[in-house]
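So you can see what is in the structure, the chains are spelled out below.
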Amino acid sequence: MSERKASGGAGRATIRDVAERAGVSVASVSRVLSGNYPVSDELRRRVMKVVRDLDYVTNAHARSLAGGGTPTVAILINNITGAAFAHVAKGVEGAASLRGWLSLVGTTGDDPERELALVNLMRQQGVAAVVLLGGAYDFDEYQLRMARFARSLDAAGSHLVLVGRPPLEGDVAATTVDYDNEGGAYAMASHLLSAGHRRVLVLPGHAELTTAQGRLRGARRAFEAYGVPFDPGMVLHGPYDYGHGYDAVEESLRRELDFTAVLAGTDVVAAGAMQALRGAGLRVPEDISIVGYDDIPLASQLTPQLTTVHVPYEEMGRAALRAVADRREGGAGRRGGGDGAHLVLGTHVVVRNSVQPPARRS
């Protein structure tokens, strides 16, 4: 067969190309790909190696990408029960539905390897776009592999959209829809500092997650602007869940850390922290002030209502889908090259009832 497909030349590999390279019949390749017929392990390995080498996309999906079927967008989310990015998914799905598109949702379980595997699987399935929600992992190998998948998606007529994370480095055809993450954390930390707090317990999220890194940078920058020393010992990393908020505050109280406020990385983390404070007989905000990040419905349902950073999650989802639709309708969705756009939406502090000046020490 011609080497042009194996070397990334023009034209999409066909099932005949796969069969010829693997040295088997077209029927054998079809059996392996369908998964409905018993085949030997050796045959499956041989065929799937060629499929990967040629970046083969099945014809049924290729026809869909060419306009012969209903476009499908794959939404990959860390945890389907996570309130913040559930709102992004709602925005994507709503905008897709208005266009008559289908939406698929997959969960990564906070596992970078599973995320990469799902992106590759969606590429093979021929979706119109893969929308990745949430912070990225700050590992060189992860970033390189994700960039490779972005180029592979683009070559297959699909597109990668990153929502709530930084753009990939280099000449990569991927759209980024982000928000002012660091600026939101800066504003929230400034709110605490302007209220007189100087000892703030910071729960930014996992250390290797870009979202947490941005929020921590924003907090540190605010301390620097106010001329207040920032104590790294007051930073406790962990997942964006209720349990981490509870455990981090409980541990800090047990260690007798001197803090008058908690800057939580999400509203859910803040809710856990609030419960731990109550369990220790402390009042919010009379004894300890607490703030969150996201402004999900939970923030206004807590007692007291939570001061937090509003992130326009649903609008981010709609913007992500619009970016994909604009590329397809404008003819830019076919091997578009490194033309990824980067859209940044604003954030702002929502002041409620969970902050007051620190209590006087007796």
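Because the structure is a prediction, the values reported are computed rather than measured. Position labels on residues start from 1 in each chain and follow its written sequence. At least 70 in pLDDT is required for a residue's local features to be given in this predicted model, at least 80 for side-chain atom pairs to be given and counted, and no such filter applies to totals for whole chains, interfaces and linings, which use all residues. In computing side-chain values, all of the structure's heavy atoms are included and hydrogens and water are not.

## Observations regarding the sheet that holds strand β7 (residues 261-264)
Item 1. Spatially, the 3 strands line up as an open sheet ordered β6-β7-β8, and their pairing is parallel. If you trace the sheet from one side to the other, it starts and ends with β6 (200-203) and β8 (289-291), each paired once. Neighbour to neighbour, the strand axes of the sheet diverge by 15 degrees on average, direction disregarded.
Item 2. A pair of strands is treated as paired once DSSP finds two or more bridges between them. To qualify as a helix, a DSSP run of H or I must reach at least 4 residues; to qualify as a strand, a run of E must reach at least 2; elements of each kind are numbered from the N terminus. As paired elements, β7 and β8 share 3 bridges and run parallel to each other. From the neighbouring strand, V262 faces β8, where its bridge partner is I290.
Item 3. Docked against the sheet, helix α10 (residues 242-254) engages β6 and β7, running at close to 145 degrees with respect to β6.
Item 4. The strands that helix α11 (residues 267-279) touches are β6, β7 and β8; relative to β8, the one it contacts most, it runs at about 160 degrees. In this analysis, axes come from line fits to C-alpha atoms, helices being fitted only over the stretch in contact, and the angle between any two N-to-C directions falls in the range 0 to 180 degrees. In this analysis, two residues are considered to be in contact whenever any of their non-hydrogen atoms come within 4.5 Å of each other.

## A short note on the pattern of salt bridges
Item 1. Any Lys or Arg side-chain nitrogen located within 4 Å of an Asp or Glu carboxyl oxygen qualifies as a salt bridge. Going through the model one piece at a time under the given rule, you end up with 16 salt bridges.
Item 2. Where salt bridges share partners, they join K90, E314, E315, R318 and R322 into one cluster.

## Concerning the confidence of the model for the chain
Segments scoring low in pLDDT should not have their predicted coordinates read at a detailed level.
Item 1. Residue-level confidence of the predictor is what pLDDT reports, using numbers from 0 through 100. Mean pLDDT over the chain: 85, with 88% of residues reaching 70 or higher.
Item 2. Here residues 60-68 is a poorly scored stretch, pLDDT under 50, and it has 19 contacts once near neighbours within four places are set aside; other chains count.
Item 3. Confidence drops under a pLDDT of 50 for residues 332-338, and excluding neighbours within four residues, the segment shows 22 contacts in the predicted structure.

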